[in-house]
Amino acid sequence: GIVPRAAQQIFDYINGVGWDSAEPFAEDIEFTLRCSFLEVYREELRDLLRPGNNQKLKIKELPQRGIFVDGLFREYITSKEEFLHVLHAGLRSRSVARTRQNNHSSRSHA
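Parameters at a glance
Residues numbered from 1 in each chain as written. Predicted model: local features only at pLDDT ≥ 70, side-chain atom pairs only at ≥ 80, totals over all residues. Heavy atoms only, no water. Patch = residues over 30% accessible without salt bridge, like charges linked within 9 Å, V, L, I, M, F, W, Y side chains within 5 Å. Areas by Shrake-Rupley, 256 points an atom, 1.4 Å probe, with all protein chains shown as cover. Salt bridge = Lys/Arg side-chain N within 4 Å of Asp/Glu carboxyl O. Buried < 20%, exposed > 50% of the residue type's maximum accessible area, 1.4 Å probe, protein only. Helix = DSSP H or I, 4+ residues; strand = E, 2+ residues; numbered from the N terminus. Expected span 1.5 Å × (residues − 1). Arc of directions from axis to C-beta. Core = buried A, V, L, I, M, F, W, Y, C linked by side-chain atoms within 4.5 Å. Axes fitted to C-alpha atoms, helices over the stretch in contact; angles between N-to-C directions. Parallel < 35°, antiparallel > 145°, perpendicular 65-115°, else oblique. Left-handed = near helix turned anticlockwise from the far one by under 90°. Contact = heavy atoms within 4.5 Å. Nonpolar A, V, L, I, M, F, W, Y, C, P; charged D, E, K, R; others polar. Polar contact = N/O pair within 3.5 Å; in protein donor to acceptor, adjacent residues only side chain to side chain. Pairing = 2+ DSSP bridges.

### Quick look at a nonpolar patch on the surface
Taken together, the side chains of Y13, I29 and F31 present a nonpolar region at the surface, about 280 Å² in accessible area. When its relative accessible area of 42% is taken as the criterion, I29 is described as partly exposed.

Here it is as structure tokens:
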């Protein structure tokens, strides 16, 4: 899928693999990557990385931070493998229900 390929490109870029610049990153440049995963289900936001958390998530905007989801958990990651682990954990938490067309249909947007 597109999400794992995008993650691979991000880590390739950070590691200087397969990008056009002949200049590597300066030694003092540090990257911090965090990921979160939410779903919209029945007009409610749910944190898929903390499925037992019943805190109501709210979309907010602050001038210094921009648009964000207040209360959404963010996991630090350092590799594509860690990202895929977080992705799969979130996918297991999605809301699913049987429909006439599909026994495991997702009932949400993630």
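Here the narrative resumes.
### As for helix α2 (residues 80–92)
Note that an α-helix has 3.6 residues per turn; residues three or four places apart therefore point the same way. Taking 1.5 Å of rise per residue, the 13 residues of α2 would be expected to cover 18 Å, and the 18 Å separating its terminal C-alpha atoms lies within 8% of that figure. What α2 keeps buried is the set F83, V86, L87 and G90. Looking straight down α2, one finds that the buried residues subtend no more than 100° of arc, so they occupy a single side. Across α2 from its buried face, at more than 90 degrees, point the exposed residues E81, H85 and R92.

### Things to note about the nonpolar core
The tendency in soluble globular proteins is for nonpolar side chains to be buried side by side. Core analysis: the biggest nonpolar cluster contains 10 residues, these being A7, F11, C35, F37, L48, L49, I77, F83, V86 and L87. Listing elements by their share of this core, those giving two or more residues are α1 (2–14) and α2. No other element matches the three residues that α2 contributes to this core.

### Details of unusual backbone geometry
For residues other than glycine, phi is negative in most cases, and the peptide bonds are mostly trans. Residue R42 is not a glycine yet carries a positive backbone phi of 55°. Within the secondary structure, R42 sits in the loop between β2 (38–41) and β3 (44–47). With relative accessibility at 67%, the residue R42 sits in the exposed group.

### A short note on the packing of α1 against α2
Relative to each other, α1 and α2 sit at 150°, their axes nearing to 10 Å. Put simply, α1 runs roughly antiparallel to α2. Our pair here, α1 against α2, has a crossing hand that is right-handed. Counted together, V3, P4, A7, Q8 and F11 of α1 and K80, F83, L84 and L87 of α2 form the full contact between these two elements. Of the residues contributing to the contact of α1 with α2, the split by class is seven nonpolar, one polar and one charged.

### Focus: the side chain of E39
Following the sequence through the fold, E39 ends up in strand β2. The buried category is assigned to E39, whose relative accessible area is 0%. A polar contact is formed between the side chain of E39 and the side chain of R46, at a distance of 2.2 Å.

### Some thoughts on α1
A rise of 1.5 Å per residue sets the reference length of α1, with its 13 residues, at 18 Å; its end C-alpha atoms lie 18 Å apart and thus fit the reference within 8%. Immediately downstream of α1, the backbone of G16 shows phi near 75°, a positive value.

### Re the pairing of β2
Across a regular strand the side chains alternate sides, sitting on one face of the sheet and then on the other. Of the strand pairs in this sheet, β2 and β3 are connected by four bridges, and their pairing is antiparallel. Following the sheet pairing, V40 is matched in β3 by L45. Linking two consecutive strands that pair antiparallel, namely β2 and β3, is a turn of two residues; a positive phi of about 55° is found at R42 within it.

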